[in-house]
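Spelled out, the chains give:
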Amino acid sequence: MARTRRVGGKSKKVTVSTDAYGHTAGWAATDLEAALALPPDSEAAAFFDVDNTMMQGASIYWFARGLAARKYLTTGDLARFAWQQARFRLLAREHAGDMSRAKATALAFVEGWRVEDMERLSEEIFDELMSERIWAGTRALAQLHLDAGQRVWLVSAAPVELGRVIAERLGLTGAVGTVAEVEDGAYTGRLVGDLMHGPAKADAIHQLAKVEGLDLAKCTAYSDSSNDIPMLSMVGSAVAVNPDSALLAEARERGWEIRDFRTGRKAAKIALPTTAATALLVGVVAAGMAIRRRRSRR
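Heads up: these notes are all about the structure in this document. (Residues numbered from 1 in each chain as written. Predicted model: local features only at pLDDT ≥ 70, side-chain atom pairs only at ≥ 80, totals over all residues. Heavy atoms only, no water.)

## A few points about the side chain of Asp224
Line of reasoning, step 1. Within the fold, Asp224 resides in the loop between strand E7 (220-223) and helix H9 (229-233).
Line of reasoning, step 2. Here Asp224 is buried and forms no salt bridge, its nearest opposite-charge partner Arg262 lying at an N-O distance of 6.6 Å.
Line of reasoning, step 3. Once residues lying within four places of it in the same chain are set aside, the contact partners of Asp224 are Asp49, Asp51, Asn52, Thr53, Val241, Asn242, Pro243, Asp244 and Leu247. (Helix = DSSP H or I, 4+ residues; strand = E, 2+ residues; numbered from the N terminus. Buried < 20%, exposed > 50% of the residue type's maximum accessible area, 1.4 Å probe, protein only. Lys, Arg positive; Asp, Glu negative; His and termini not counted. Salt bridge = Lys/Arg side-chain N within 4 Å of Asp/Glu carboxyl O. Contact = heavy atoms within 4.5 Å.)

Okay, here's the thing in structure tokens:
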């Protein structure tokens, strides 16, 4: 549906799309539209968290679902994976020990995989399971930044290969994510640097800004999680999207913009596959270890 409204003294048609729950992308974007109807600024960019911000649920959970459908995981592996997510969700916070263990084994499950296989699977599984779970409202916000001539980056704890596929499919600039070490075209199972989580996201954005010539005071960041407060705090404009309770309180205190594309029904429906990205990675590791044990017995 298209409607005409005034932007900067001129009439402009705005396309409004509606999802299955009656949410519209148009209403989510209208008040930002005028602000972004400015000449392109090469020093401005937008940074979007992925899980529960750009996508309903967690990207790596849906990736695991896709692997299970291809017999890389069993239903039992997937159940243990989901239980691990629920456990971390109930804890409500990550402890230092958990983060240390997560870093040590985060991408161990891909040890021996070829990079091209990871990329192929990411593309297939995005098209099958993830594309329909992109929040229409958040995608509209990203498009406004693109239309304003700004670069748009995804910033996620998921493997960077998966983040790149999501960015490419959505027509975004690129992605920052957790990096797995590669030797001779295959993954070693070890990380390069830290999990892209919490303060690590802020550090990565700071480095990206230096390389890309960005002025962080002109940039915008979007996230659902209080874990991303360091990232949200370092830019000129912070937006809490589908925020958890801690981020909601922080956003209200700081006067940050708040966007919520959920309904109570939808929030309950997607509760299982939503959690801290670290927990998701740990869950995948558990499933991957189970796979390796089965293969070693063959």
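After that view, the rundown keeps rolling.
## Describing the packing of aromatic side chains
Geometrically, a pair of aromatic rings is defined through the distance of the ring centres and the angle of the planes.
Line of reasoning, step 1. One pass over the full model with this rule turns up two aromatic pairs.
Line of reasoning, step 2. With a centroid separation of 4.0 Å and an interplanar angle of 5 degrees, the aromatic rings of Phe48 and Tyr222 are classed as stacked. Linking Phe48 in strand E3 (residues 45-49) with Tyr222 in strand E7, this pair joins segments that are 174 residues apart in sequence.
Line of reasoning, step 3. Phe48 sits in the buried class, given a relative accessible area of 0%.
Line of reasoning, step 4. When the ring of Tyr61 is compared with that of Trp62, the centres are 5.0 Å apart and the planes differ by 80 degrees; the resulting orientation is edge-to-face.
Line of reasoning, step 5. What makes Tyr61 buried here is its relative accessible area of 6%.
Line of reasoning, step 6. Judged by its relative accessible area of 7%, Trp62 is buried.
Line of reasoning, step 7. The side chain of Arg133 reaches across the aromatic face of Trp62, ending 3.8 Å from its centre. (Phe/Tyr/Trp six-rings, centres within 6.5 Å; stacked < 30°, edge-to-face > 60°. Lys NZ or Arg CZ within 6 Å of the ring centre and 35° of its normal.)

## A word on the packing of helix H5 (residues 115-130) against helix H7 (residues 160-170)
Line of reasoning, step 1. The N-to-C vectors of H5 and H7 enclose an angle of 50 degrees; their axes lie 9 Å apart at closest approach. With respect to their mutual orientation, H5 and H7 come out oblique. By crossing handedness, the relation of H5 to H7 is classed as right-handed. Here Met118, Glu119, Ser122, Glu123, Phe126, Asp127 and Met130 of H5 come into contact with H7, specifically with Glu161, Leu162, Val165, Ile166, Arg169 and Leu170.
Line of reasoning, step 2. A per-class count over the contact of H5 with H7 returns seven nonpolar, one polar and five charged. (Axes fitted to C-alpha atoms, helices over the stretch in contact; angles between N-to-C directions. Parallel < 35°, antiparallel > 145°, perpendicular 65-115°, else oblique. Left-handed = near helix turned anticlockwise from the far one by under 90°. Nonpolar A, V, L, I, M, F, W, Y, C, P; charged D, E, K, R; others polar.)

## Section: the packing of helix H2 (residues 59-69) against H5
A pair of packed helices can be characterised by two numbers: the angle between their axes and the separation between those axes.
Line of reasoning, step 1. Remark: H2 packs on H5, axes separated minimally by 9 Å, with the N-to-C direction vectors making an angle of 100 degrees. Here H2 is positioned roughly perpendicular relative to H5, judged by the angle of their axes. Two secondary-structure elements touch here, H2 through Ser59, Trp62, Phe63, Arg65, Gly66 and Leu67 and H5 through Met118, Leu121, Ser122, Ile125, Leu129 and Met130.
Line of reasoning, step 2. Per-class residue counts for the contact of H2 with H5 are eight nonpolar, three polar and one charged.

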